[in-house]
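So the chains spell out like this:
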Amino acid sequence: MTNSPLVSVCIPAYNAAKTISETLDTILSQTYGPIEIIVSDNNSTDNTLQVIEQYGKHVRSIRCPTRIFNHNDSLEVSLSAFNNGHRVFLPYAQGEFLTVYHADDVYDRQIIQKEVEFLTSHPDCGAVFTMHRFIDEHGRILIRPPVRLHPEIRNKNEYDLGELLNAMLMHGLVLPTPSVMARRSLWEKMDHSNPSFAHAADCELWIRMAAHSKIGIKDEILFSRRIGKSQDSYRWYKNYRQKESPIFKLFESYITRDDIRPFMKEQSLVSLKRGWFKDYVRLALNYFEDNEIQGGTKYLKQAYSLRKELGPLPDRNSKIWNCFFRLLMFAPTPFIRCQLASLINRLYRHKQFGSSSL
């Protein structure tokens, strides 16, 4: 493409020796040019650096200054990986557009071209995201449905801050982190992630972006996200097994602000309560599965209090969690509650992280 803007493809990596070659190969085969590829290694303990070196001049590697002190702490690993992102890359990247792609995901050959075309044709948008499918640790497509826009917002591809928050709460809008491309000028306005939001720190960054510029979304599957026990999704599952999800804390911190609350729809506030309800049921299941009756009972009671406020549940996902809730509520003994919780969670883990593939 003549006179096309340079794109800096930035890839944070930590112990990614098994997957980063596939990621780099898909980026090197892109239909768009010019691009530069920069990998920031987060003090890997495997041979990630040696794999990167095999690509020679095609891939530049830098060493991340953020060191992980406890490699068994899933939260520290995840936050360190996220902070091993735009603030690390900015001094090295030369591109007008910067992506932060992941070292274990697989990218469509046209993702960069289509994201550049989107930002070029939507000057009010500072960043763009795409949709994705799921693959397992071996690269096989999972039965799990791909991430797509809700039908009610499928024709909308630009969001300001209020629209973004409403779409996230009402329609489950997801901004897939491994697909982000943003203008350099927008990245430069962003600080490090906020550790108080833990695993929701990436979402908090996108919301902050929306306060500066509209956010764009392409409702097209342009990458495959790897799901498995070595990926961040599983680390989240383990780390928050008996902790409340930080995403709802994040939403509440924004929608209660005086400058944002007037733009929030009543349905969004109800949706946030539904989110808390499902999270309380999740926690009750986990505590009961671990035979911790007191913790399970505490969160089951909190779920019960919210359930009374919610009325009929409109969507399939909420109805499924309500079914789990009812099973726990009507279990005749704590022992049966624990057995039910164990069965439900085993089925859930298999669906989320199992090896079933098409």
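Residues numbered from 1 in each chain as written. Predicted model: local features only at pLDDT ≥ 70, side-chain atom pairs only at ≥ 80, totals over all residues. Heavy atoms only, no water.

Participant: Which residues make up the overall build of the chain, and what are the values?
Facilitator: Of the regular secondary structure elements, the chain holds 14 helices and nine strands. Contacts in the chain between residues at least 24 apart in sequence constitute 76% of all its contacts with a sequence separation of at least 6. Per element, the accessible surface of the chain, about 16800 Å² overall, is 51% carbon and sulfur. (Helix = DSSP H or I, 4+ residues; strand = E, 2+ residues; numbered from the N terminus. Contact = heavy atoms within 4.5 Å. Areas by Shrake-Rupley, 256 points an atom, 1.4 Å probe, with all protein chains shown as cover.)

Participant: Describe helix α5 (residues 111-121), with residues and values.
Facilitator: Within α5, eight of the eleven residues are buried, which leaves it mostly tucked inside the rest of the structure. Along α5, the positions that sit buried rather than exposed are Ile 111, Ile 112, Gln 113, Lys 114, Glu 115, Val 116, Phe 118 and Leu 119. (Buried < 20%, exposed > 50% of the residue type's maximum accessible area, 1.4 Å probe, protein only.)

Participant: Quick one: what's the story with the packing of aromatic side chains, residue by residue and with numbers?
Facilitator: One pass over the full model with this rule turns up ten aromatic pairs. Ring geometry for Phe 277 versus Phe 325: centroids 5.4 Å apart, planes at 70°, classification edge-to-face. Here Phe 325 lies in helix α13 (residues 316-329) and Phe 277 lies in helix α11 (residues 266-289), a separation of 48 residues in the sequence. Each member of the pair Phe 277 and Phe 325 is classed as buried. Residues Trp 321 and Phe 324 carry aromatic rings whose centres are separated by 5.4 Å and whose planes lie at 80° to one another, so their mutual orientation is edge-to-face. With Trp 321 and Phe 324 both in helix α13, this residue pair falls three residues apart, about one helical turn. An aromatic cluster is present here, built from Phe 248, Trp 276, Tyr 280, Tyr 287 and Tyr 299 joined pairwise through their rings. Above the plane of the ring of Phe 134 lies Arg 144, whose end atom (NZ or CZ) is 4.0 Å from the centre. It is Lys 156 that lies over the ring of Tyr 159; its NZ or CZ is 5.2 Å from the centre. (Phe/Tyr/Trp six-rings, centres within 6.5 Å; stacked < 30°, edge-to-face > 60°. Lys NZ or Arg CZ within 6 Å of the ring centre and 35° of its normal.)

Participant: A description of the environment of Ile 27 should follow, citing residues and the corresponding values.
Facilitator: Mapped onto the elements, Ile 27 comes out in helix α1 (residues 20-28). The spatial distance from the C-alpha of Ile 27 to the C-alpha of Arg 109 is 7.1 Å, given a sequence separation of 82 residues. Apart from residues no more than four positions distant in its own chain, Ile 27 is found in contact with Val 9, Ile 11, Ile 35, Ile 37, Tyr 101 and Tyr 107.

Participant: Describe in detail the packing of helix α8 (residues 201-210) against helix α10 (residues 246-255), supporting the description with residues and values.
Facilitator: One can describe the packing of α8 onto α10 by two numbers: an axis separation of 10 Å at closest approach and a directional angle of 25°. With respect to α10, the axis of α8 lies roughly parallel. Note on packing geometry: the crossing formed by α8 with α10 is right-handed. Here α8 contributes Cys 203, Glu 204, Ile 207 and Arg 208 to the contact with α10, which in turn contributes Ile 247, Leu 250, Phe 251 and Tyr 254. A breakdown of the residues in the contact of α8 with α10 according to their chemical character gives six nonpolar, no polar and two charged. (Axes fitted to C-alpha atoms, helices over the stretch in contact; angles between N-to-C directions. Parallel < 35°, antiparallel > 145°, perpendicular 65-115°, else oblique. Left-handed = near helix turned anticlockwise from the far one by under 90°. Nonpolar A, V, L, I, M, F, W, Y, C, P; charged D, E, K, R; others polar.)

Participant: Provide a residue-level description of the side chain of Arg 274, including the pertinent values.
Facilitator: Along the chain, Arg 274 turns up in helix α11. Other than its neighbours up to four places away in sequence, Arg 274 contacts Leu 310, Leu 313, Pro 314, Asp 315 and Ser 318.

Participant: Just give me the short version of the environment of Thr 177, but keep the residues and values in it.
Facilitator: Assignment of secondary structure puts Thr 177 in the loop between α6 (161-171) and β8 (181-183). In this structure, the C-alpha to C-alpha distance between Thr 177 and Thr 99, residues 78 residues apart in sequence, is 9.8 Å.

Participant: Before we move on, could you go through the side chain of Lys 278 and cite the residues and values that matter?
Facilitator: Secondary-structure assignment places Lys 278 in helix α11. The side chain of Lys 278 sits in the buried core without any salt bridge; Asp 315 is the nearest counter-charge, 4.4 Å away. (Lys, Arg positive; Asp, Glu negative; His and termini not counted. Salt bridge = Lys/Arg side-chain N within 4 Å of Asp/Glu carboxyl O.)

Participant: Could you give an account of the pattern of salt bridges, naming the residues involved and the relevant values?
Facilitator: The final tally for this structure, using the stated rule, is 18 salt bridges. A salt bridge links Arg 274 to Asp 315, with the nearest nitrogen and oxygen atoms 3.8 Å apart. Taken together, the residues span a long stretch of sequence, with Arg 274 in helix α11 and Asp 315 in the loop between α12 (293-310) and α13 at a distance of 41 residues. For Arg 274, a relative accessible area of 11% gives the class buried. Take Asp 315: its relative accessible area is 26%, and that puts it in the partly exposed class. Look at the salt bridges and you will find they share partners, linking Lys 114, Lys 218 and Glu 220 into a network.

Participant: Hey, could you go over the nonpolar core for me, with residue numbers and the actual values?
Facilitator: The biggest cluster of nonpolar side chains holds 74 residues, and the ones touching the most others in it are Leu 173, Leu 175, Trp 187, Ile 207 and Met 209. Among the elements that take part in this core, α11 stands out by supplying eleven residues, more than any other. In this structure Leu 175 touches Phe 129, Leu 164, Met 168, Trp 206, Ile 215 and Ile 217, once residues within four positions along its chain are discounted. (Core = buried A, V, L, I, M, F, W, Y, C linked by side-chain atoms within 4.5 Å.)

Participant: Hey, could you go over unusual backbone geometry for me, with residue numbers and the actual values?
Facilitator: Cis peptide bonds are those with omega within 30 degrees of zero, and the linkage from Gly 33 to Pro 34 qualifies with 10°. We note that Asn 43 has phi near 60°; this positive angle belongs to a residue other than glycine. Positive phi, close to 60°, is recorded for Asn 291, a residue that is not glycine. By the secondary structure assignment, Asn 291 is in the loop between α11 and α12.

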